[in-house]
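Inside the fold
Each chain is listed here by its residues.
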Amino acid sequence: MAATTPVQSQAGFDVGGRRTYGAARNLFGGIWATPIVRALARGLLTIFVVSTMTFFLIRLLPGNPVDLYINQVIAETGITYAQAADQASGLFNLDLKAPLHQQYFDFLTRLVRGDLGNSLLSQGTPVTSVLLAFLPWTLFAVGSGLLLSFVVGVVLGLLAAYWRNSIFDTAVSSIGSVVSSVPNYLVALLFVVFLGTQLRILPITEMRGASTPGIAPGFTPAYIGDVLFHGALPITVYFLTLIGHWILSMKSATLATLEEDYVTVARARGLADRRITSAYIGRNAILPLVTQFAISAGYVVGGALFVELILVYPGLGLKLYQAIQQRDYPVMQGIVLIITVSVVLANILADLLYSRLDPRIGRAGGAAG
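No experiment lies behind these values; they were computed from the predicted model shown. (Residues numbered from 1 in each chain as written. Predicted model: local features only at pLDDT ≥ 70, side-chain atom pairs only at ≥ 80, totals over all residues. Heavy atoms only, no water.)

1. Looking at the side chain of Thr241
The topology assignment puts Thr241 in helix α10 (residues 221–258). Within the structure, Thr241 has its side chain in polar contact with the backbone oxygen of Val237 (distance 2.8 Å). (Helix = DSSP H or I, 4+ residues; strand = E, 2+ residues; numbered from the N terminus. Polar contact = N/O pair within 3.5 Å; in protein donor to acceptor, adjacent residues only side chain to side chain.)

What follows is the structure, encoded as structure tokens:
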């Protein structure tokens, strides 16, 4: 009896160990089967990969912030290289002579703590403060243009599909096809060159910036009107270059919905055209566009580089261009990071939103998982 006790004890331990391992595996398997967990894991991996690529790619650019600063100081003041180098050593708080892998691990350590570092050219200014100063203007201009184009484009696309083959349909579809193929920076250039410089219809010089210098910020009619005046051009550019996509997408989705059996049944039941259009056709046709809108919202942050540069509008796009020109590594890394995070979150939001709007997607995903 005594000889079998260790064997039984060992067997019991093995069985218990397998049960514990199996329970843990089932637990983590159940967690991983959750779509939101998988989406978050993919999002974190994407952010890590993009941040790593950004770190190394920007250091492959010719020149570095120290050399650029030294050359600029010598050109402006005429002092010697040694004197300019002494000024640069007191200004820059980044050791660019350290091994690249050490700089990379320092960057990752700060990033995990939520520290994006300080701007190289604005001593003592955190990158977070730079982002908070420029991000709201990009969100305002691009977000307003995106929202207006979505609302107007959905309505025009729905009407074009409902009145298909009419003059209205031909005109709206043609305009949508043309404007959707024109890049936003080209439209901005046309505004500046023709409406601003040649015809002098738009006061381009006065419309630069986010607001008029000297005006007191606040929720006052004067300040709000001034902000809208300065933001009118970028908002119009984004509106014109985005509305064509929503018109054509909504028209295509509506035409597909009109062929569904439940629309035929609704008409056979004698329901009014207005109710069929709003409750049956429009509501179902807009489902894929809602997810497209959520994804497009993620690109709001990073889709304004050339437009803001051409119109001299102080958003993240203009700041990113300035940071690239000056080789301000921390600011470049911070802007690319926030663009990546916004795109990742927009894609996760689009998946969740579509599964909520169409429960069949959620059930299919759960079943598949």
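Picking up after the structure, the text goes on.
2. Some remarks on the environment of Ile286
For Ile286, the location among the structural elements is in the loop between α12 (273–285) and α13 (287–298). A residue is classified by how much of its surface remains accessible, and Ile286, at 24% relative accessible area, is partly exposed. Ignoring any residue separated from it by four or fewer positions in sequence, one finds Ile286 in contact with Phe150, Val154 and Met250. (Buried < 20%, exposed > 50% of the residue type's maximum accessible area, 1.4 Å probe, protein only. Contact = heavy atoms within 4.5 Å.)

3. Some details on the packing of aromatic side chains
Here a ring pair, both rings aromatic, is described through the centre-centre distance and the interplanar angle of the planes. Counted under the stated rule, the structure contains ten aromatic pairs. With centroids separated by 4.7 Å and ring planes inclined at 45 degrees, the aromatic side chains of Phe150 and Phe293 adopt a geometry described as tilted. Residue Phe150 is found in helix α6 (residues 127–162), and its partner Phe293 is found in helix α13; the two are separated by 143 residues along the sequence. Assessed through its relative accessible area of 12%, Phe150 is described here as buried. Ring geometry for Trp246 versus Phe293: centroids 6.3 Å apart, planes at 50 degrees, classification tilted. With Trp246 in helix α10 and Phe293 in helix α13, this pair connects stretches of sequence that are 47 residues apart. (Phe/Tyr/Trp six-rings, centres within 6.5 Å; stacked < 30°, edge-to-face > 60°.)

4. Digging into the side chain of Ser342
With respect to the helices and strands, Ser342 occurs in helix α16 (residues 329–357). Excluding its chain neighbours within four sequence positions, the residues that come into contact with Ser342 are Gly298 and Val301.

5. Observations regarding the packing of helix α7 (residues 167–180) against α10
Where α7 meets α10, the axes come as close as 7 Å, and the angle between the chain directions of the two elements is 130 degrees. With respect to α10, the axis of α7 lies oblique. Helix-helix and strand crossings are classified by hand; for α7 and α10 the assignment is left-handed. Each of Asp169, Val172, Ser173, Gly176, Ser177, Val179 and Ser180 in α7 lies in contact with α10, whose residues at this interface are Leu240, Thr241, Ile243, Gly244, His245, Ile247, Leu248 and Lys251. Broken down by class, the residue content of the contact of α7 with α10 amounts to six nonpolar, seven polar and two charged. (Axes fitted to C-alpha atoms, helices over the stretch in contact; angles between N-to-C directions. Parallel < 35°, antiparallel > 145°, perpendicular 65-115°, else oblique. Left-handed = near helix turned anticlockwise from the far one by under 90°. Nonpolar A, V, L, I, M, F, W, Y, C, P; charged D, E, K, R; others polar.)

6. A closer look at the packing of α10 against α13
Working note: a packed helix pair is described by the angle between its axes plus the distance between those axes. One way to put it is that α10 packs onto α13 with a least axis distance of 10 Å and a crossing angle of 155 degrees. For the element pair α10 / α13, the angle class is roughly antiparallel. Pair α10 / α13 crosses with right-handed handedness. Contact residues: α10 offers His245, Trp246, Ser249, Met250 and Ala253, while α13 offers Pro288, Leu289, Gln292, Phe293 and Ser296.

7. Describing the confidence of the model for the protein
Across the protein, the average pLDDT comes to 80, with 79% of residues at 70 or higher. The model gives residues 1–9 a pLDDT under 50, and that stretch makes zero contacts with residues more than four places away or in other chains. Confidence drops under a pLDDT of 50 for residues 362–369, and excluding neighbours within four residues, the segment shows two contacts in the predicted structure. (pLDDT = per-residue confidence, 0-100.)

8. What about the pattern of salt bridges?
Side chains carrying opposite charge are able to pair once their charged atoms draw close together. All chains considered together, the criterion is met by one salt bridge. Asp169 is the partner of Lys251 in a salt bridge, and the nearest nitrogen-oxygen pair spans 2.8 Å. Of this pair, Lys251 sits in helix α10 while Asp169 sits in helix α7, and the two are 82 residues apart along the sequence. Exposure remark for Asp169: the relative accessible area of 5% places this residue in the buried category. (Salt bridge = Lys/Arg side-chain N within 4 Å of Asp/Glu carboxyl O.)

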